Amino acid sequence: MRRYELETEREGSTVYFFIRDVETLDIVLLPTKYLMHKIRSKCSPNTVRRSALAILYYLEYIHGKKKELTDVYQMPYVEQTNHFVEFLYWLKAGKHTRDKNHRSPNNGTCNAYLRDVFGFFLYMAECGQIKYLKVLSYNQVTVATSVGIKRTIRSQTFRGYFKPKERNVRAAEEVEIIEILQACTNTRDQLLLLMIAETGFRIGEILGVDYTRDIDYQRKTVRVYFRDDNENEARAKNAEHRRARISDETFEFLLSYLNEYRELLQRGTFLFINIEGDRAGKPMMVGSVYDMLKRMEKKTGHKITPHMLRRYFARSRRQENWNLEMISMALGHKHLDTTIKYLGNLDDKLLEASKEFYEKHS
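Predicted model, so just to flag it, every value in this text is computed and none were measured.

Novice: Hey, could you run me through the packing of aromatic side chains in this one?
Specialist: The geometry of an aromatic ring pair comes down to the distance between the two centres and the angle between the two planes. All chains considered together, the criterion is met by 21 aromatic pairs. A ring pair is formed by Tyr89 and Phe162, whose centres lie 5.0 Å apart and whose planes are at 90°; its orientation type is edge-to-face. You can see Tyr89 sitting in helix H4 (residues 77-92) and its partner Phe162 sitting in the loop between strand S4 (150-156) and helix H6 (174-183), a full 73 residues away along the chain. Between Phe158 and Tyr161 the ring centres are 5.1 Å apart and the planes differ by 85°, which places this aromatic pair in the edge-to-face class. A relative accessible area of 2% means that Phe158 is categorised as buried. Chaining the aromatic ring pairs together yields one cluster made of Tyr34, Tyr58, Tyr61, Phe84, Phe87, Trp90, Phe118, Phe120, Phe121, Tyr123, Phe158 and Tyr161. Positioned above the aromatic ring of Tyr161 is the side chain of Arg115, whose terminal nitrogen or guanidinium carbon lies 4.5 Å from the ring centre.

And the structure:
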């Protein structure tokens, strides 16, 4: 029998997470305070939920080891390292779930859970509840650059993470997008796919668009604007603000959609809504988008995801000679390396430019 359970309470658009001790029926105070801290820090509901699950699993893990949180930070460095490495393997073996048919989490998911646990330990240390973990101390090395400027490199001493597998996500092909657009049975789904392909917005970002505030109808631009009160929990990642221009043809399609569903749209301000059933007029959820794409896959034989449409955006812009920095800004990436991974092996222009350079300057 499990010792802990995760519970949720909704207040308006905010979801609160609690970890309860099944034996005593008490709320486990420190993890619950940490989860409240993440909510107040405007973390997305999905991020808070993952942290809640990570801490829940970790509490079960140390309960099985007959240890308390205070025992962990008192461990010597090597023992602490082994403790967290064993937690990773415990997760990988699927011991965190009661579902025997549950697929084992991949390396990246296990690493993400451990980072969430480390975040919890850092929070407790900042609050003075415990001392800092030894495995989260830093190695610090000072080196000099080629021009003599000194640079300090800091890295955490914990090296036990699993090697993450590269995400093998391809870009959607234009012919696939066209065939799926033709197979759609309503203008809402067509507009949704067109706007993701033309803006490069994430699915959570596009579903959070407010047609009364986020669309500039003169300039034909769409804005991603962070709000934490979205009924469908859609929000811009990293609390960022971005704008994107859509094509004249898609803008006309947008106006047609607004006219066709104006009565339902007037019940709220979200651009993408449910257009039938009991929830007609309510904001569209992420799960509904994936359900729609699965139906399109059965019709056309083409499997695409919102992420594949973002990669299509990146690849098509690169082919039109957009520089990497511009594509990275459009996608909302924090690091240029992420944008380069999106382009994958498709960035042949860089290789060709290098070849020409060496031919001239060998």
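Novice: Sorry if this is basic, but what is going on with helix H13 (residues 324-331) here?
Specialist: Residues that lie three or four places apart on an α-helix share one face, since the helix turns once every 3.6 residues. Among all positions in H13, only Leu324, Ile327, Ser328, Ala330 and Leu331 are buried. Looking down the long axis of H13, one finds its buried residues gathered within 160° of arc, a one-sided arrangement. Check the buried side of H13 and you find it contacts helix H7 (187-199), strand S7 (242-245), helix H12 (306-319) and helix H14 (336-343). One or two residues past the end of H13 sits Gly332, with phi positive at roughly 80°.

Novice: Would you mind showing me how to read unusual backbone geometry here?
Specialist: Working note: non-glycine residues mostly have negative phi, and peptide bonds are mostly trans. Within the chain, Leu25 stands out as a residue other than glycine whose phi angle is a positive 65°. Relative accessible area serves as the criterion here: at 56%, Leu25 is assigned to the exposed category. Phi at Lys66 is positive, roughly 55°, even though this residue is not glycine. For Lys66, a relative accessible area of 76% gives the class exposed.

Novice: I would appreciate a short explanation of the sheet that holds strand S5 (residues 215-216) in the present structure.
Specialist: Strand-to-strand pairing in sheets goes through backbone hydrogen bonds, with the strands running parallel or antiparallel. One open sheet holds the 3 strands; their spatial order is S5-S6-S7, and the pairing between them is antiparallel. Single-partner strands in this sheet number two, and they are S5 and S7. Strand direction decides the pairing type here: strand S6 (residues 221-224) and S7, joined by 4 bridges, are antiparallel. Directly across from Arg223, in S7, lies its bridge partner Arg243.

Quick notes on the rules
- Residues numbered from 1 in each chain as written.
- Predicted model: local features only at pLDDT ≥ 70, side-chain atom pairs only at ≥ 80, totals over all residues.
- Heavy atoms only, no water.
- Phe/Tyr/Trp six-rings, centres within 6.5 Å; stacked < 30°, edge-to-face > 60°.
- Helix = DSSP H or I, 4+ residues; strand = E, 2+ residues; numbered from the N terminus.
- Buried < 20%, exposed > 50% of the residue type's maximum accessible area, 1.4 Å probe, protein only.
- Lys NZ or Arg CZ within 6 Å of the ring centre and 35° of its normal.
- Arc of directions from axis to C-beta.
- Contact = heavy atoms within 4.5 Å.
- Pairing = 2+ DSSP bridges.

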